[in-house]
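Chains, contacts and geometry: an overview
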Amino acid sequence: MSGALFDVVVVGGGAAGLMCAIRAGQRGRRVLVLDHAEKVGKKILISGGGRCNFTNLEARPEAYLSANPHFCKSALARYTQHDFIALVDRHRIAWHEKTLGQLFCDGSARQIVAMLLAECAAVGVDVRVGHRITAIEKANRFSLRTDKGDFRASAVVLATGGLSIPKMGATGFAHDTARRFGLAVTETRPALVPLTLPNAPDLSGVSLDVVARCGRTTFREAMLFTHRGLSGPAILQISSYWREGRELSIDLLPDLDASAFLKDRKRSRPKAELRTVLAEVVPQRLAQHLAAEGTMAERRDKDLDALARRLKDWRVTPAGTEGYAKAEVTLGGVDTAELSSRTMEAKKVSGLHVIGEAVDVTGWLGGYNFQWAWSSGWVAGDAI
Ligand code: FDA
């Protein structure tokens, strides 16, 4: 195969691919980014409600799921959230911490894409969109065939992300290509995804602060009832740990000794409706759903204890997830055992790198996934 010659072809111009291209370009490499979409960084643009939660002050290896929890350490240590914040600051993009260390643009996610493209342009990275890659082969060099011409390169970086939001053009390209080169791919599943309930209560739109627990993992954040089940940050977080058939335990009153509260109200407001009392501490519609009619005085202490237990430890067994259509990320991906954690290069295929969400490293909700994209992209770009 002939075609224009580059040092590096990065397939996928998302968060990880652009960062990798920038770092390789800074080191004098001739870099081509190929993307099949009509523009790069589409997920960055829609992220964080259009404001891009671009990193998290608390980013650390423990916030990532992977078959090998140690794999992400090297990249996260070499290109940290503070390195990315410094880049954002150099581009004078104003930002704020929303909650739990989550950093968002004050203005728009478009600023992050513009920053990445400006950095690419500054080091001569060639970014081409609307290219469908039909073949990647390796002899001495890599050859890439596309619907708009062929390219050759000493290194190829797979940066096409995960399977979530197929409507936006997500593909299994990185996984499929990795497999074709003999690399193992771990089981993939939707993560950071709403969960469905077998008999979802009619509470759609009700939201409250909870502690969601699956096994030994807990998250304290908001939970939202939906038409089909449960969503909100607490549920999205716990969804990455949940598996079919498993039960979740949800504390609907994390700051309260529910039993003491109910018995206290029975003494101090015996004529009050139980529902009214409950509505002091949970949204009214939920209070109505949880308690039958009747006053506090009519309740035996042991019934109040039982209700308190239900409030502190509401057990649900989700039917499933809302799938890739609603998932923020993909759990699983190219097996980390196949890659060098320092360079993201495949151990079996020299010159082939895999970065970002395509790898079996998945962060919590809150800017952690972009930080993995920046860190893994940067270390690959630093090595190629
Ligand atoms: P990414 O998906 O960014 O980029 C992949 C690129 O490859 C795309 O440009 C795509 O067009 C291209 N591509 C795909 N298939 C191809 C093919 N076959 N050929 C050529 N090109 C191909 N994370 C976070 O940290 N903070 C947040 O606020 C959010 N918010 C958020 C909202 C929503 C709605 C979603 C779906 C996801 C998030 N995320 C997030 C997750 C975050 O977007 C995600 O983890 C990163 O974008 C992953 O970066 P990558 O570069 O690996 O893939």
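Residues numbered from 1 in each chain as written. Predicted model: local features only at pLDDT ≥ 70, side-chain atom pairs only at ≥ 80, totals over all residues. Heavy atoms only, no water.

Looking at an unreviewed UniProt entry, one finds the protein named Flavoprotein, HI0933 family and attributed to Enhydrobacter aerosaccus. Turning to the protein, the UniProt annotation filed under Cofactor (unreviewed entry) states: "FAD". (UniProt positions renumbered as here; feature names shortened; annotations may be inferred.)

1. Section: helix 12 (residues 368-383)
Helix length check: helix 12, at 16 residues, gives a terminal C-alpha distance of 23 Å against a target of 22 Å (1.5 Å per residue), a fit within 8%. Within helix 12, 14 of the 16 residues are buried, leaving the element largely enclosed by the surrounding structure. (Helix = DSSP H or I, 4+ residues; strand = E, 2+ residues; numbered from the N terminus. Expected span 1.5 Å × (residues − 1). Buried < 20%, exposed > 50% of the residue type's maximum accessible area, 1.4 Å probe, protein only.)

2. Topic: the sheet that holds strand 3 (residues 53-56)
Working definition: the strands of a sheet are paired by backbone hydrogen bonds and lie parallel or antiparallel to each other. Reading across from one edge, 3-6-5 is the order of the 3 strands in this open sheet, with antiparallel pairing throughout. Each having just a single partner strand, strand 3 and strand 5 (95-97) make up the two edges of the open sheet. The sheet shows a mean angle of 30° between the axes of neighbouring strands, taken without regard to direction. Judged from the 3 bridges that link them, strand 3 and strand 6 (residues 102-105) form a sheet pairing that is antiparallel. Bridging from a neighbouring strand, threonine 55 pairs with leucine 103 of strand 6. (Pairing = 2+ DSSP bridges. Axes fitted to C-alpha atoms, helices over the stretch in contact; angles between N-to-C directions.)

3. Looking at the side chain of glutamate 357
Examined against the element boundaries, glutamate 357 turns out to sit in the loop between strand 20 (352-354) and strand 21 (362-363). For glutamate 357, the side chain forms a polar contact with the main-chain nitrogen of threonine 330, separated by 2.9 Å. In this structure glutamate 357 touches Gly161, Gly162, Leu163, Ser164, Glu328, Val329, Thr330, Gly332 and Trp372, once residues within four positions along its chain are discounted. (Polar contact = N/O pair within 3.5 Å; in protein donor to acceptor, adjacent residues only side chain to side chain. Contact = heavy atoms within 4.5 Å.)

4. Some details on the pairing of strand 2 (residues 31-34)
A two-sided burial pattern is seen for strand 2, the buried positions comprising Val31 and Val33 on one face and Leu32 and Leu34 on the other. With 4 bridges connecting them, strand 1 (residues 4-11) and strand 2 associate as parallel partners. Counterpart to valine 11 in the pairing with strand 2 is leucine 34. Chirality of the crossover, the property in question, places the unit of strand 1, helix 1 (residues 15-26) and strand 2 among those that are right-handed. Sheet topology places strand 2 next to strand 7 (residues 126-128); 3 bridges connect them, and they run parallel. Of the residues in strand 7, the one forming a bridge with valine 33 is valine 127. (Right-handed = clockwise from strand over helix to strand, strands pointing away.)

5. Examining the packing of aromatic side chains
The description of an aromatic ring pair uses the distance of the two centres, along with the angle that the planes make with each other. Applying the stated criterion across every chain yields a total of 12 aromatic pairs. Arranged with centres 6.3 Å apart and planes meeting at 55°, the rings of phenylalanine 6 and phenylalanine 151 form a pair that is tilted. Of this pair, phenylalanine 6 sits in strand 1 while phenylalanine 151 sits in strand 10 (residues 149-158), and the two are 145 residues apart along the sequence. Judged by relative accessible area, which is 9%, phenylalanine 6 ranks as buried. With relative accessibility at 2%, the residue phenylalanine 151 sits in the buried group. (Phe/Tyr/Trp six-rings, centres within 6.5 Å; stacked < 30°, edge-to-face > 60°.)

6. Side note on the sheet that holds strand 16 (residues 248-251)
Here we have 7 strands laid out as an open sheet, ordered 17-16-13-14-15-12-18, and antiparallel in their pairing. The sheet terminates laterally at strand 17 (314-316) and strand 18 (320-321), the two strands that pair on one side only. Summarising the sheet, strand 14 (residues 217-225) and strand 15 (residues 229-231) pair through 2 bridges and their orientation is antiparallel. Opposite leucine 224, over in strand 15, you have serine 231 as the bridge partner. Taken strand by strand, helix 11 (residues 301-312) contacts strand 16 and strand 17, and its axis lies near 110° from that of strand 16.

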